[in-house]
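Next come the chains, spelled out residue by residue.
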Amino acid sequence: WRKPGLYQEGARTLEQAGFDFVLIEDALSVGISPETLDLRVRKAYGGPKHDPWTLAPYLFAATEHLGVIPTANPAGWHPYTAARQFASLQHLSGGRLGLNVVTDVGSAHHFGQDRLPHDAAYDRAQEWLDALRLLWRSWDDDALIADPETQIYADGTKIRVVQHRGQYYSFDGPLNAEPLSSEPVIASPGGSPRGIRFAGENSQIQLA
C-alpha cells in the first residue's frame, strides 16, 4: 500500500469496468487521546492514510477517462492555494478532477483553529467554495489569446483583480492560472438539513 501501483491498478480496473469516477475519502486525524490513537491504528482502522491530493496524480497518469474526486476540508486549505492547485490538476488531467468537500471539525486543532459548530462549518465551506469559483473565474473566457504570430499570450484587461475579505478567509487575486474550460465536479456528504442544503446549492454528487 506504500507504492502507487496498487492504487493505479485499482483505478484501471474501475475504468475498464465502466465506472465514471473514483472518490478518495479522507480523514485528517487519528485523534490525540491514547485510547483513540490505539483504536484507530492497532488494526489500521482510520490510519495511516495517504494524502488524497498526492495520490490523485498517480491515478490520472494510469487512466484516460476515469474521474478522480479527492476529499478536501476547507479547514485545511486556504482558498488561493486550493484554487491554484485544483486548477492545475484540472488542466493536467484533461478536466477529470472533482472535489469532495467535507466539513469535519474534529481536526481543527491540527490547524490551530477553533472547532466550529456544525452549521457554521458549512457556512465556512460555502465561503471557501465561493472563493475558489471567484478565483477560477477571475479570467474572462476571452482573456487567453495565445497567438504565436503576435506573440500575445493574454489580455490583461480581461483579468479581474479580486479582493476578498470574508468571515473566514481573506485573500487577493487574480489567480495565476489559465481559465478552466470546465470547473471540477463537486461532491459532498451529509444528511443534516444544512448539509442537504449545501449539497443542493453546490454539488453534482450527493453522498449519503
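Details of the structure are given in the entry above.
The rules behind the values
Residues numbered from 1 in each chain as written. Predicted model: local features only at pLDDT ≥ 70, side-chain atom pairs only at ≥ 80, totals over all residues. Heavy atoms only, no water. Axes fitted to C-alpha atoms, helices over the stretch in contact; angles between N-to-C directions. Helix = DSSP H or I, 4+ residues; strand = E, 2+ residues; numbered from the N terminus. Parallel < 35°, antiparallel > 145°, perpendicular 65-115°, else oblique. Left-handed = near helix turned anticlockwise from the far one by under 90°. Contact = heavy atoms within 4.5 Å. Pairing = 2+ DSSP bridges. 1 Å grid on protein atoms, 1.4 Å probe; cavity = no way out; pocket = protein on both sides within 12 Å on 5 of 7 lines; lining within 4 Å. Points joined across faces, edges and corners; volume = space filled by probe spheres on them. Nonpolar A, V, L, I, M, F, W, Y, C, P; charged D, E, K, R; others polar. Expected span 1.5 Å × (residues − 1). Buried < 20%, exposed > 50% of the residue type's maximum accessible area, 1.4 Å probe, protein only. Arc of directions from axis to C-beta. Phe/Tyr/Trp six-rings, centres within 6.5 Å; stacked < 30°, edge-to-face > 60°.

Student: I'd like a rundown of the packing of helix 4 (residues 79–92) against helix 5 (residues 118–136), residues and numbers included.
Tutor: Packing of helix 4 against helix 5 brings their axes to within 9 Å, and their N-to-C directions diverge by 55°. Taken together, the axis directions place helix 4 and helix 5 in an arrangement best described as oblique. In the packing of helix 4 onto helix 5, the handedness of the crossing is right-handed. The segment helix 4 lies against helix 5, with Pro79, Tyr80, Ala82, Ala83, Phe86 and Ala87 engaging Trp128, Ala131, Leu132, Leu135 and Trp136.

Student: Any chance you could break down the sheet that holds strand 1 (residues 21–24) for me, citing the residues and the numbers?
Tutor: With parallel pairing, the 5 strands of this open sheet are ordered in space as 1-2-3-8-9. Both edges of this open sheet fall to strand 1 and strand 9 (205–206), since each of them pairs with a single strand only. Bridge count between strand 3 (residues 98–101) and strand 8 (residues 185–188): 3 bridges; the pairing is parallel. Across the sheet, the residue bridging to leucine 99 is isoleucine 186, located in strand 8. Against the sheet, helix 5 engages strand 2 (67–72), strand 3 and strand 8, with an angle of about 160° to strand 3.

Student: Lay out empty space enclosed by the protein with the relevant residues and their values.
Tutor: Considering all chains together, one arrives at 1 cavity of 30 Å³ or more under this definition. Of the residues assigned to the lining of the largest cavity, the class counts are 7 nonpolar, 1 polar and 1 charged.

Student: Can you lay out helix 1 (residues 4–16) for me, pointing to particular residues and giving the numbers?
Tutor: With 13 residues, helix 1 ought to run about 18 Å at 1.5 Å a step, and its terminal C-alpha atoms sit 18 Å apart, in line with that. Of the positions making up helix 1, those classed as buried are Gln8, Ala11 and Glu15. Down the axis of helix 1, the smallest arc covering the buried residues is 60°, so these residues share one side. Exposed residues pointing more than 90 degrees away from the buried face of helix 1 are listed as Leu6 and Gln16. Against the buried residues of helix 1 lie helix 3 (52–62).

Student: Tell me about the packing of aromatic side chains, and name the residues and values.
Tutor: In this structure the tally under the stated criterion is 5 aromatic pairs. Geometrically, the ring pair formed by tryptophan 53 and phenylalanine 86 is stacked, given 4.2 Å between the ring centres and 20° between the ring planes. Note that tryptophan 53 is positioned in helix 3 and phenylalanine 86 in helix 4, a separation of 33 residues in sequence. Centroid distance tyrosine 122 to phenylalanine 198: 5.6 Å. Interplanar angle 50°. Geometry classified as tilted. With tyrosine 122 in helix 5 and phenylalanine 198 in helix 6 (residues 193–202), this pair connects stretches of sequence that are 76 residues apart. For tyrosine 122, a relative accessible area of 6% translates into the label buried. Take phenylalanine 198: its relative accessible area is 0%, and that puts it in the buried class. Among the aromatic side chains, those forming a connected cluster through ring pairs are Trp53, Trp77, Phe86 and Trp128.

Everything listed here is a matter of geometry and, on its own, says nothing about what the molecule does.
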